[in-house]
Amino acid sequence: TMLTPNMHYSELKDSYLFNTIYRKTAEYQSSHPDKKIYRMGVGDVSRPLCDAVIKALHTAVDDQATMEHFHGYMPESGAPELRKAISEYYRRFSVSVSADEVFVSSGACDDLGDVLELFDKDNTVLVIEPAYPEYVDTNILCGRKVIHLDSGEENGFLPLPSEEIQADIIYICSPNNPTGAAYDREKLRKWVDYANRNGAVILYDAAYEVFIEDPDIPHSIFEIPGAKTCAIEICSLSKTAGFTGTRLGYTVVPKALERMGMKLNTMWARNRETRTNGISYILQKGASAVFTKEGLEQIQKNIRVYKENARVLMDAFERIGIWYCGGRNSPYVWLKCPDDMGGWEFFDYLLNEIQVVGIPGEGFGACGKGYFRFSAFGDPEDTKEAANRLCKLLGR
Ligand code: MLT
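Residues numbered from 1 in each chain as written. Predicted model: local features only at pLDDT ≥ 70, side-chain atom pairs only at ≥ 80, totals over all residues. Heavy atoms only, no water.

Peer 1: Which residues make up the overall build of the protein, and what values do they have?
Peer 2: Per the secondary structure count, the protein includes twelve helices and 15 strands. Computed over C-alpha atoms, the radius of gyration of the protein comes to 21 Å, within 12% of the 21 Å expected from 2.2 N^0.38 for 396 residues, which places it in the range of a compact globule. If you line up the protein on its principal axes, its C-alpha atoms span 60 × 55 × 55 Å. Within the protein, the proportion of its 396 residues that are buried is 57%. Of the contacts made within the protein by residues no fewer than 6 positions apart, 72% connect residues no fewer than 24 positions apart. (Helix = DSSP H or I, 4+ residues; strand = E, 2+ residues; numbered from the N terminus. Rg over C-alpha atoms; globule rule 2.2 N^0.38 Å. Buried < 20%, exposed > 50% of the residue type's maximum accessible area, 1.4 Å probe, protein only. Contact = heavy atoms within 4.5 Å.)

In structure tokens:
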């Protein structure tokens, strides 16, 4: 017999969206070495970790140098103190989750893919588009049927369920990447009710929770009654505390979540025991510092900078008179490309004319065509300059 590789790889697009953006930007830079590029494409943070985290990381490194404080393997599901600190963080949203419902991860991106091991491959997945491309790619790779629910300006990029939808696994990202739109409690409740009625499970991506400012927007799906019997929440310190290069996230799997007599919390604990040797002691110490009083205050400093960047971009689009959403409870601003341009056409136009990089909406699914995403995670001066250039170029 011949080994058969996973043929589903051939069903993926040639290149992952964010790599295409990096490659196109690098190509432009190498043919225009004298031009400064304003990078507002891939949502990577630009500001350093806060003091509390840096101190904790240093101390943890020193611990590893001593007999007394050295740590070997960590528990696969996370250090008990960190799991407890995260469960206490949820109290701010009046949500009660216990420490053993919290699983420490190497980041939301990793768990969004790994968590699919809880489900049969014959389940159908619903992806609300435009969407973070990983939701689709990871499911294609395990041969799962993916159906799409389009969103658009008509529903504020926040579509609601209807009984015609037949899905077992539903991805919801709120505040949304890429559109920045965020479900309020009433709308999110419709999805929770749908999932409970139909036995579906919601994979709730809350990576941008910390950017929420409006009181009617929930920070956690567990703020919605009934969510504990139908949802898994996946979070990350990447955007909350600048951990994109440090790597740490967490996933909440409620004990009340059961399907066909199987408890997903027990399954996930078992999965972790098999699939990982846990997250490094050093990183978990750093992450624990985020959840201290001091850490939670300090991380707000960078969040305020990113929020101000978002405001600068929103002001520019107001001035130009371009339709946009997001930016308010989100670090992403999502706009309509001017003059009926396609997203990739607009991408080339901005790069060539004003050296500003964003991401074409079509990269996040077909219904994103003609839209464009800017990230507010860049340098404040660069963001201001990019906004000025956009206003000048778009001539208004
Ligand atoms: C993005 O640009 O959408 C982010 O970088 C996604 C991510 O965090 O992986």
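That was the structure; now back to the text.
Peer 1: Describe the site of the ligand, and please don't skip the residues or the numbers.
Peer 2: What surrounds the ligand is the set F18, V42, G43, Y132, N177, K239, Y332 and R373. Within the contact set of the ligand, an oxygen atom lies 2.6 Å away from a backbone nitrogen or oxygen of G43. When the free accessible area of the ligand is taken as 270 Å², the share hidden by the protein chains comes to 80%. Considering only residue class, the shell around the ligand consists of four nonpolar, two polar and two charged. (Near = heavy atom within 4 Å. Polar contact = N/O pair within 3.5 Å; in protein donor to acceptor, adjacent residues only side chain to side chain. Areas by Shrake-Rupley, 256 points an atom, 1.4 Å probe, with all protein chains shown as cover. Nonpolar A, V, L, I, M, F, W, Y, C, P; charged D, E, K, R; others polar.)

Peer 1: Describe the sheet that holds strand β2 (residues 102–105), with residues and values.
Peer 2: Strand order in the open sheet formed by seven strands is β2-β8-β7-β6-β5-β3-β4, and the pairing between neighbours is mixed. Of all strands in the sheet, those with a lone pairing partner are β2 and β4 (145–150), marking the two edges. Across this sheet, the average inter-strand angle for adjacent strands is 20°, counted without regard to direction. Here strand β7 (residues 231–236) pairs with strand β8 (residues 249–252) via four bridges, running antiparallel. (Pairing = 2+ DSSP bridges. Axes fitted to C-alpha atoms, helices over the stretch in contact; angles between N-to-C directions.)

Peer 1: Describe in detail the nonpolar core, supporting the description with residues and values.
Peer 2: In this structure, W191, I202, I232, F317 and F374 are the most contacted members of the largest nonpolar core, which totals 126 residues. Of all the elements, helix α10 (residues 293–320) adds the most residues to this core, at eight residues. Dropping the residues within four chain positions of it, F374 is found in contact with M40, L313, F317, P331, Y332, V333, L335, L350, V356, V357, G358 and L390. Membership of the second largest hydrophobic core comes to nine residues, among which are V45, Y306, Y332 and F377. (Core = buried A, V, L, I, M, F, W, Y, C linked by side-chain atoms within 4.5 Å.)

Peer 1: With reference to specific residues and values, describe the side chain of K239.
Peer 2: Mapped onto the elements of the fold, K239 is located in helix α7 (residues 237–240). The buried charged residue K239 lacks any salt bridge, with D44 as its nearest oppositely charged partner at 6.8 Å. In terms of polar contacts, K239 uses its side chain to reach the side chain of Y208, at 3.0 Å. Not counting residues up to four positions away in its chain, the partners in contact with K239 are G43, V45, A207, Y208, V210, F211, T244, I303, Y332 and F377. (Lys, Arg positive; Asp, Glu negative; His and termini not counted. Salt bridge = Lys/Arg side-chain N within 4 Å of Asp/Glu carboxyl O.)

Peer 1: Kindly report on the environment of N176, identifying the contributing residues and their values.
Peer 2: Among the secondary structure elements, N176 is positioned in the loop between β5 (169–173) and α6 (185–198). Separated by 33 residues in the primary sequence, N176 and E209 have C-alpha atoms spaced 9.6 Å apart. Once residues within four sequence positions are removed from consideration, N176 is found in contact with P130, A181, S330 and Y332. Side-chain polar atoms of N176 contact the backbone nitrogen of T179, separated by 3.0 Å.

Peer 1: Can you lay out the packing of α10 against helix α12 (residues 380–393) for me, pointing to particular residues and giving the numbers?
Peer 2: Between α10 and α12, the least distance of the axes is 9 Å, while the angle of their chain directions is 5°. Comparing the axis directions of α10 and α12 gives the class roughly parallel. Contacts between α10 and α12 involve V305, N309, V312, L313, A316, F317, R319 and I320 on the former and, on the latter, P380, T383, K384, A387, L390 and C391. Considering only residue class, the contact of α10 with α12 consists of ten nonpolar, two polar and two charged. (Parallel < 35°, antiparallel > 145°, perpendicular 65-115°, else oblique.)

Peer 1: Would you mind going over the side chain of D214 in detail, with residue names and values included?
Peer 2: Structurally, D214 can be placed in the loop between β6 (201–205) and β7. Other than its neighbours up to four places away in sequence, D214 contacts R328 and N329.

Peer 1: Give a detailed account of helix α8 (residues 264–275), specifying residues and quantitative values.
Peer 2: Residue pairs spaced three or four apart in an α-helix point in one direction, given the helix's 3.6 residues per turn. Taking 1.5 Å of rise per residue, the twelve residues of α8 would be expected to cover 16 Å, and the 16 Å separating its terminal C-alpha atoms lies within 8% of that figure. Contact partners of the buried residues in α8: β2, α4 (108–114), β7, β8, β9 (258–259) and β10 (262–263). (Expected span 1.5 Å × (residues − 1).)

Peer 1: An account of the pattern of salt bridges is needed here, citing residue identities and associated values.
Peer 2: For the coordinates displayed, the defined rule picks out 24 salt bridges. Measuring nitrogen to oxygen at the nearest pair gives 3.2 Å for the salt bridge that ties E88 to K84. Of this pair, E88 and K84 both sit in helix α3 (residues 80–89), four residues apart, which is roughly one turn of that helix. Exposure remark for E88: the relative accessible area of 33% places this residue in the partly exposed category. Two residues, K121 and D122, come together in a salt bridge whose shortest N-O distance is 3.9 Å. Overall, the relative accessible area of 48% leaves K121 in the partly exposed class. Salt bridges sharing partners connect three or more residues here, namely D111, D114, E117, R272 and R275.

Peer 1: Go over empty space enclosed by the protein, please, and point to the residues and values.
Peer 2: Scanning all chains against the criterion turns up one cavity of 30 Å³ or more. For the largest cavity, the calculated volume is near 80 Å³. The wall of the largest cavity is formed by 13 residues, among which I128, Y171, I172, C173 and N176 lie closest to the centre. Take the lining of the largest cavity: its biggest share by element is three residues, from β5. The class makeup of the residues in the lining of the largest cavity is eleven nonpolar, two polar and no charged. (1 Å grid on protein atoms, 1.4 Å probe; cavity = no way out; pocket = protein on both sides within 12 Å on 5 of 7 lines; lining within 4 Å. Points joined across faces, edges and corners; volume = space filled by probe spheres on them.)

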